[in-house]
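Below are the chains, spelled out letter by letter.
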Amino acid sequence: MLKWGVPRRSWCEYTDRIIAGNQTAIVNSRRKQASTRVMAAGTLMEAITTAAAVEFAGREMEAAAQEFSSVVQAHRPQIFRFLLASTRDVDLAETLTQECFLKAHRNWDRFRGESSAMTWLMRIAINLEKDHWRNRRMQFWRHTRTNSVDLDEASEWLPSGERSAEQQMMAREQVAHVWQAVEGLSARQRTVFLLRYVEDRELSEIAQATGLSEGTVKAHLSRALVKVRAELKGKS
Amino acid sequence: MRLRTGLPDEGSEPDAKLEQALKDFRSSIHAWSEAEYSRPHAATAIHHTSWRLAAGWALGCVLAAGSVTGGLYERHHRQEVAKIAAAAEAARQQKIADEQSARKDDEDLLAKVDNDVSRQVPSAMEPLAQMMAEDEAQ
């Protein structure tokens, strides 16, 4: 994958700059349109009213930009974590996270607040991941290799806590078994499982994020747990 | 934190092992994600896909053109070789035919000369001629 020699902090700011740039462009465009309208109106009163409306619209846009920026700051780590757990590919998770927030920014004005921002963002992330795998199947020749880390490597990231070396080793083995079971789940089961047990989301939130009913979510979770349990019992 | 592992059959006996495994799984993903998120890392560019797509298409076109050209050249080359081989075979056949024809002419000529120069042996010399013929036969 093509790399840019930009530190991660700059990468995070990269998205912000695009968002801020778009926002400024929109505000300037509105101001320009309003100025044109003022010239056409001809009367002082209309000009004052239009200028005030423009200022109001500008302030509203800036407030929306700030609000979106705070949403990005608050939820970017969770979205990245979910995508990392889903793909086990750091580069891909970063790219999809970036695309997720760009897409969210483009559609921010359509967000009605019917669900939480996190649920809305998670839904975008899930769809992007789905699209990615669909495109990958169609264009397999474009990416002949995958950057996903193997299961053992993924299991290494266990905080030691206050465990002995032996307990730590056993815990890693258990985590590797869970990874193995997750690998064998269907895409939908995996998404539901990760949202529940890694992101600690409520069933209603999972249902909203995945577009499934709560009953279906429960069924997927049940099947996923059966497989995880079987994997843990089978390998222990 | 207690994980809700027994979700579908909540109220059933707790599966401590599963619960612990899921808790560790969650902790490991959180630790991995935090480590990757805070680590200075090269950013990936979204725009690279178009560049890569173009490069992929260009490479594909070059390979396809190369394959077609190579195939045509190979076919042409084989035709040329076949033509040369056919010409050589025809020349060889012609040469053999010429040789056979020349040999036959010589034989005819010798037969004619032999026929012209030979004379009837006188009857008095016949026993001697027979002896010569027998000697030659032996």
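Residues numbered from 1 in each chain as written. Chains lettered and ligands numbered in written order. Predicted model: local features only at pLDDT ≥ 70, side-chain atom pairs only at ≥ 80, totals over all residues. Heavy atoms only, no water.

## Let's talk about the overall build of chain B
Regarding its fold elements, chain B presents three helices and one strand. Of all 138 residues assigned to chain B, the portion counted as buried reaches 16%. Put simply, chain B shows about 10500 Å² of open surface, and 59% of that area lies on carbon and sulfur atoms. (Helix = DSSP H or I, 4+ residues; strand = E, 2+ residues; numbered from the N terminus. Buried < 20%, exposed > 50% of the residue type's maximum accessible area, 1.4 Å probe, protein only. Areas by Shrake-Rupley, 256 points an atom, 1.4 Å probe, with all protein chains shown as cover.)

## Details of the side chain of glutamine 189 of chain A
Turning to its location among the elements, glutamine 189 of chain A is positioned in helix α7 (residues 187–197). When residues no more than four places from it in sequence are discounted, the contact partners of glutamine 189 of chain A are His220, Arg223, Ala224 and Lys227 of chain A. (Contact = heavy atoms within 4.5 Å.)

## Details of helix α6 (residues 165–183) of chain A
Over its 19 residues, α6 of chain A extends 27 Å from the first C-alpha to the last, a length consistent with the 27 Å expected when each residue adds 1.5 Å. Those residues of α6 of chain A lying buried are Gln168, Ala171, Gln174, Val175, Ala176, His177, Val178, Trp179, Ala181 and Val182 of chain A. (Expected span 1.5 Å × (residues − 1).)

## What to know about helix α8 (residues 203–210) of chain A
Residues and elements named next belong to chain A. Every buried residue belonging to α8 is among Leu203, Ile206, Ala207, Ala209 and Thr210, and all of these are buried. One side of α8 carries all its buried residues, which in axial view fall inside an arc of 165°. Following α8 by one or two positions, glycine 211 has its phi on the positive side, about 75°. (Arc of directions from axis to C-beta.)

## Description of the packing of aromatic side chains
Summed over all chains, the structure comprises nine aromatic pairs over all chains. Where tryptophan 108 of chain A meets phenylalanine 111 of chain A, the ring centres are 5.3 Å apart and the plane angle is 20°; that geometry is what we call stacked. Overall, tryptophan 108 of chain A belongs to the buried group, its relative accessible area being 12%. Aromatic pair tryptophan 179 of chain A and phenylalanine 25 of chain B: ring centres 5.0 Å apart, planes at 75°, arrangement edge-to-face. A residue pair is termed interchain when its members come from two chains, as with tryptophan 179 of chain A in helix α6 and phenylalanine 25 of chain B in helix α1 (residues 16–38). The residue whose ring lies beneath arginine 76 of chain A is phenylalanine 101 of chain A, and the NZ or CZ to ring-centre distance is 5.9 Å. (Phe/Tyr/Trp six-rings, centres within 6.5 Å; stacked < 30°, edge-to-face > 60°. Lys NZ or Arg CZ within 6 Å of the ring centre and 35° of its normal.)

## Description of the nonpolar core
One recurring pattern in soluble globular proteins: nonpolar side chains tend to sit buried together. Grouped together as the largest cluster of nonpolar side chains are 58 residues, with contacts concentrated most on Ile79, Val178 and Phe193 of chain A together with Phe25 of chain B. At the level of elements, α2 (44–87), α3 (90–106), α4 (117–138), α6, α7, α8 and α9 (214–235) of chain A together with α1 of chain B are the ones that each hand at least two residues to this core. (Core = buried A, V, L, I, M, F, W, Y, C linked by side-chain atoms within 4.5 Å.)

## So, the pattern of salt bridges
All names here are of chain B. A complete count under the given rule lists eight salt bridges over all chains for this structure. Its salt-bridge partner being glutamate 89, residue arginine 92 comes within 3.1 Å of it at the nearest N-O pair. Of this pair, arginine 92 and glutamate 89 both sit in helix α2 (residues 48–117), three residues apart, which is roughly one turn of the helix. A relative accessible area of 36% places glutamate 89 in the partly exposed class. The closest approach of N and O atoms between aspartate 108 and lysine 104, which form a salt bridge, is 3.6 Å. Here aspartate 108 and its partner lysine 104 are both found in helix α2, four residues apart, which amounts to about one turn of the helix. By relative accessible area, aspartate 108 is classed as partly exposed at 43%. (Salt bridge = Lys/Arg side-chain N within 4 Å of Asp/Glu carboxyl O.)

## Brief notes about a nonpolar patch on the surface
Taken together, the side chains of Met125, Leu128, Met131 and Met132 of chain B present a nonpolar region at the surface, about 410 Å² in accessible area. Of the residues examined, methionine 132 of chain B reaches a relative accessible area of 49% and is grouped as partly exposed. (Patch = residues over 30% accessible without salt bridge, like charges linked within 9 Å, V, L, I, M, F, W, Y side chains within 5 Å.)

## Quick word on the confidence of the model for chain B
Residues and elements named next belong to chain B. With 80% of its residues at a pLDDT of 70 or more, chain B has an overall mean of 82. When mean pLDDT is compared element by element in chain B, α2 scores highest at 91, while strand β1 (residues 43–44) scores lowest at 52. Per-residue pLDDT stays below 50 along residues 8–14; that stretch engages in six contacts with residues further than four places along the chain or on separate chains. The complex model carries a pTM of 0.56, and its ipTM stands at 0.70. (pLDDT = per-residue confidence, 0-100.)

## Details of the environment of histidine 177 of chain A
Residue and element names in this part refer to chain A. As for its placement among the helices and strands, histidine 177 is situated in helix α6. Relative accessible area serves as the criterion here: at 15%, histidine 177 is assigned to the buried category. As for histidine 177 and glutamate 231, which are separated by 54 residues in sequence, their C-alpha atoms are 6.3 Å apart.

## A short note on the side chain of arginine 81 of chain A
Inspection of the secondary structure puts arginine 81 of chain A in helix α2. Given a relative accessible area of 13%, arginine 81 of chain A falls into the buried group. Discounting chain neighbours no more than four positions away, the residues touching arginine 81 of chain A are Glu199 of chain A together with Ile29, His30 and Ser33 of chain B.

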